[in-house]
Amino acid sequence: MPESHTSTHKKEDEALDLGLGQRVSVLLPLPLEGSYDYITLPETMLQPGDIVTVPLGKREVLGVVWEDDRLNAGRDGPPLPESRLKAVIERLPVAAITETARRFIEWLAAYYLAPPGNVLRMALNTREALELPRRIALYEPVNNEAKLEGLRLTPARRRVLEGLADGPALPLADLAREAGVSSSVIKGLEAAGVLRRVEVEQRRRFAEPDWQWNCPELSCEQADAAKALCGELHQSRSSVTLLDGITGSGKTEVYFEAIADVLRKGGQALVLLPEIALSSQWLDRFARRFGALPAVWHSDLGQKERRETWRAISENRVKIVVGARSALFLPFQDLSLIVVDEEHDTSFKQEEGVHYHARDMAVVLGRLGNFPVVLASATPSLETLVNVERKGYQQLKLTQRHGVAELPEIEVVDLRRDQPLRHPGVPGAAGQSWLSTALRGAISETLGEGEQAMLFLNRRGYAPLTLCRTCGHRLQCPNCTAWLVEHRLLARLQCHHCGYTIALPSSCPECESQDSLAACGPGVERLAEEVKRLYPGARQGVMASDTLSGPGAAAELIAAVQEREVDILIGTQIAAKGYHFPYLTLVCVVDGDLGLYGGDLRAAERTYQLLQQVAGRAGRAERSGRVMIQTSEPEHPVMEALVSGDRDRFMDAEADGRKKAGLPPFGRLAAVILSGEDSVQLDRLAAELARRAPHAEGLEVLGPAPAPLSMLRGRHRRRFLMRADKNLAIQSQIRGWLGSLKLTGSLRVQVDIDPYSFL
């Protein structure tokens, strides 16, 4: 691994003394637009993709050898003479970054207007994996009859030799423990020449999934879809297929057959899931089908597991990976298939750093690597459906639930006619209710049948707003333009944007009135409080990202629901992620209108997708399901589509509206967000950019305007929104606009191509 700075200078001197080696271009995982030139020692030959350490100032940094002409075509001035170049320190003992991965990094950087070095950083974010694995000493027998004949075999020695007779070589401590002897006995056998000590690299062994392990019996519809997916694999070409199946239709089992085909051929496959840390049921299904678990990749992995997994993938010792969006940047050597499950899910869009969309980039990676990509969803995104209509993507439909399960009946509860009643005898805000008479009756009926119910409310915490009843003061985050959310279980108020927390005050910070702070509106914690009051004998569980401490806690709650240890599950959107609960027959959506408004061009589409997904949790086995959605607008197109089951009609109407407005996927959007600690300085920058805004046919620049979150993490924010015709290269317009911009102080500019969040 990297040597000392003294050693670095010594190697540079050697390059001068012994003659020049090979000139190489090295891309560094830093916010740099191009690569740097270095020189190698004469005995070192490097190829594009090799991972190296190089000097940068007084530091030693990682880098990847790159083709110079691909990143520095527009470099100003002549290159440095070779005599002035610093020497590469060393090539790291790890597989090179493949040509496909290098082209992918370049493509993503160009499309999202990100420095290539920032994109490379996502591929090299596990530094420890680049080190050689630790070596351990093992003991194994020596087949030497003469040595054995002259050896006095004590019982202890005999146990050691018998322990190694039919098994693998063992470390000293393990061998001593299994044989029940001291280490001196083993070392004595080594000295006698009967055992030998060998050093091997310590590598974690990953279980190997077996494509023939438990082949399922598929329905005719599933079998036809699986055959079509495998046919794409056999073509050995890039393609995109939408696996469009209603909830419970067995999409997972279908694409498992494509994974089995990859395993049969010895290739690698990647499955991208939203909320990967919570997907214990998916992992169980995979293990039942293939007899082993896949490698897992997400942000909750420990450092050791990340290191071992990254290294094993780079050495092609791991064939199947399931991961979050960052798994796209793992060092695959023979990637043959990508599956993006729940392709419509907005969590595939990265909102910090490089603003890429993992679904779209999976398609790009498949095209560059010349292999198929499968997009699976019960509620496909409008972008994907339009690509199907334009014949860019293929479509496979699954229209029937697997087995005997049937789609649930969906009905709306009009809150204008069935308003929730106050809890009798409970004064003030505590007596408020959020469940209509219809929902209460349905829950009681379900519990009486010995079945389970889910209450869905996509709002974390106890209440979204806390205000003073005396002066009207609202408790707001000091770092963001956002209200503090009460979390009563933690006795804290929290900002969900920057993480700021305070203890719930006993008096109003503005007027100092005692006990005047009131919680306004429901969150899942407040809903749980009402459920406990209404159904004191029912066992409940709360499924939200801030009530589950990690994958282990999520798996425990899911298992408890499966084992019928929970009667009422109260959840946010993570409860809608494809879980299968056989005894869950009633789903109640407490606030179906939440998310319908707010200036988001995808608000209606997202609400439809979310409610359809959560509705799909009901009646997934022999028992029929029922879904009830509380709404103040039963005539809204989203509600009508859910009740009628006519998804295509709803999506056609959405497409028509977007097409008329020139909005994605029929037009292009880009957001340019300015931020800074000084609002005056920031407004000056915004005014300057407004004067220099580009003008072109088919291009419209809106703004500057304060972002909806006009302050975030202590930084003021202003935003431009660019709308362009589909055939206009919006990236080149932005490059020309921002190219000569000089930023001072705390000012920052972020570009979001194809934005999903408008906050």
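Note that this is a predicted model, so its numbers are computed, not measured.

A.B. asks: Can you explain the environment of L46? Please cite residues and give values.
C.D. replies: Here L46 is to be found in the loop between β2 (36-39) and β3 (51-56). A residue is classified by how much of its surface remains accessible, and L46, at 2% relative accessible area, is buried. Considering only alpha carbons, one finds L46 and Q22, 24 residues apart in sequence, at a separation of 7.9 Å. Ignoring anything within four residues of it in the chain, the contact list for L46 reads Q22, V24, T40, V52, V65, V88 and R91.

A.B. asks: Give me the lowdown on the packing of helix α3 (residues 99-111) against helix α4 (residues 116-123), citing residues and values where you can.
C.D. replies: Relative orientation and spacing of two packed helices are given, respectively, by the angle between their axes and the distance between those axes. Following both chains from N to C, one finds α3 and α4 inclined at 130°, their axes separated by 9 Å at the closest point. Classified by the interaxial angle, the pair formed by α3 and α4 is oblique. The chirality of how α3 crosses α4 is right-handed. Residue-level inspection shows I105, L108 and A109 of α3 in contact with α4, the latter providing P116, V119, L120 and A123.

A.B. asks: Help me get a handle on unusual backbone geometry, residues and values and all.
C.D. replies: Backbone torsion omega between P664 and P665 reads 10°, so that peptide bond is classified as cis. In this structure, P665 sits in the loop between α20 (647-661) and β26 (667-676). With phi around 60°, N370 is a residue other than glycine that occupies positive phi space. Here N370 shows up in the loop between α13 (358-369) and β13 (372-377). A positive phi is found at K391, a non-glycine position, where the angle reads about 70°. In this fold, K391 is placed in the loop between α14 (382-389) and β14 (394-398). Relative accessible area serves as the criterion here: at 72%, K391 is assigned to the exposed category.

A.B. asks: Could you give an account of the side chain of T309, naming the residues involved and the relevant values?
C.D. replies: The residue T309 is located in helix α12 (residues 303-314) in this model. If we skip the residues at most four places from it in the chain, T309 touches R204, F206, A295, V296 and W297.

A.B. asks: So what's going on with the sheet that holds strand β19 (residues 492-494)? Which residues, and what values?
C.D. replies: Judged by pairing direction, the sheet is antiparallel, and its 3 strands sit side by side in the order β18-β19-β20 without closing on themselves. Two strands lie at the open edges of the sheet, namely β18 (485-487) and β20 (501-503), each paired on one side alone. The average undirected angle you get between the axes of adjacent strands in this sheet is 30°. Both β18 and β19 contribute to a ladder of 3 bridges, which runs antiparallel. Directly across from E486, in β19, lies its bridge partner L493.

A.B. asks: Tell me what's going on with the sheet that holds strand β5 (residues 90-91), and back it up with residues and numbers.
C.D. replies: Overall, antiparallel pairing links the 5 strands, which are arranged β2-β1-β4-β3-β5 in an open sheet. The open sheet has two free edges, formed respectively by β2 and β5, since each of these has just one partner strand. The pairing of strand β1 (residues 23-27) with β2 spans 4 bridges and is antiparallel. Pairing of S25 across the sheet is with D37, part of β2.

A.B. asks: Residue-level account of the pattern of salt bridges, with values.
C.D. replies: Counting across every chain of the model gives 40 salt bridges. Between R103 and E106 there is a salt bridge, with its nearest N and O atoms 3.0 Å apart. Of this pair, R103 and E106 both sit in helix α3, separated by 3 residues, roughly a single helical turn. A relative accessible area of 12% means that R103 is categorised as buried. Close ionic contact of R692 with E688 constitutes a salt bridge, the shortest N to O distance being 2.9 Å. A network of salt bridges, in which partner residues are shared, links E67, E99, R102, R103 and E106.

A.B. asks: I'd love a proper account of the packing of aromatic side chains, names of residues and values included.
C.D. replies: Taken as a whole and judged by the stated rule, the model has 12 aromatic pairs. Judged by centre distance (5.2 Å) and plane angle (15°), the rings of W107 and Y111 are stacked. Highlighted residues: W107 and Y111, both in helix α3, separated by 4 residues, approximately one helical turn. On the numbers, 5.6 Å between centres and 90° between planes, the contact of F256 with F286 is edge-to-face. Of this pair, F256 sits in helix α10 (residues 251-265) while F286 sits in helix α11 (residues 280-290); the two residues are 30 residues apart in sequence, bridging distant segments of the chain. Each member of the pair, F256 together with F286, is buried. Grouping aromatic residues by their ring pairs yields a cluster made of Y255, F256, W282, F286 and F290. Sitting over the ring of Y462, R488 keeps its end group 3.8 Å from the ring centre. One residue, R564, lies across the ring of Y583, its end atom 3.7 Å from the ring centre.

A.B. asks: Which residues make up the nonpolar core, and what values go with them?
C.D. replies: Side chains of nonpolar character tend, in soluble globular proteins, to be buried together. Residues I51, L328 and I338 are the most contacted members of the largest nonpolar core, which totals 117 residues. Among the elements that line this core, the one with the most residues is α13, at 6 residues. Setting aside anything within four residues of it in sequence, one finds I338 in contact with L270, L328, A362, L365, F371, P372, V373 and V374. With 29 residues, the next largest nonpolar core counts Y255, F256, V262 and V271 among its residues.

A.B. asks: Could you give an account of the packing of helix α18 (residues 603-615) against α20, with specific residues and numbers?
C.D. replies: Viewed as axis vectors pointing N to C, α18 and α20 meet at an angle of 165°, and their least axial separation amounts to 10 Å. Of the possible angle classes, the one that applies to α18 and α20 is roughly antiparallel. Pair α18 / α20 crosses with left-handed handedness. Contacts between α18 and α20 involve A604, E605 and Y608 on the former and, on the latter, R647, F650, M651, E654 and R658. Each residue belonging to the contact of α18 with α20 can be placed in one class, and the counts come to 4 nonpolar, no polar and 4 charged.

Parameters at a glance
- Residues numbered from 1 in each chain as written.
- Predicted model: local features only at pLDDT ≥ 70, side-chain atom pairs only at ≥ 80, totals over all residues.
- Heavy atoms only, no water.
- Helix = DSSP H or I, 4+ residues; strand = E, 2+ residues; numbered from the N terminus.
- Buried < 20%, exposed > 50% of the residue type's maximum accessible area, 1.4 Å probe, protein only.
- Contact = heavy atoms within 4.5 Å.
- Axes fitted to C-alpha atoms, helices over the stretch in contact; angles between N-to-C directions.
- Parallel < 35°, antiparallel > 145°, perpendicular 65-115°, else oblique.
- Left-handed = near helix turned anticlockwise from the far one by under 90°.
- Pairing = 2+ DSSP bridges.
- Salt bridge = Lys/Arg side-chain N within 4 Å of Asp/Glu carboxyl O.
- Phe/Tyr/Trp six-rings, centres within 6.5 Å; stacked < 30°, edge-to-face > 60°.
- Lys NZ or Arg CZ within 6 Å of the ring centre and 35° of its normal.
- Core = buried A, V, L, I, M, F, W, Y, C linked by side-chain atoms within 4.5 Å.
- Nonpolar A, V, L, I, M, F, W, Y, C, P; charged D, E, K, R; others polar.

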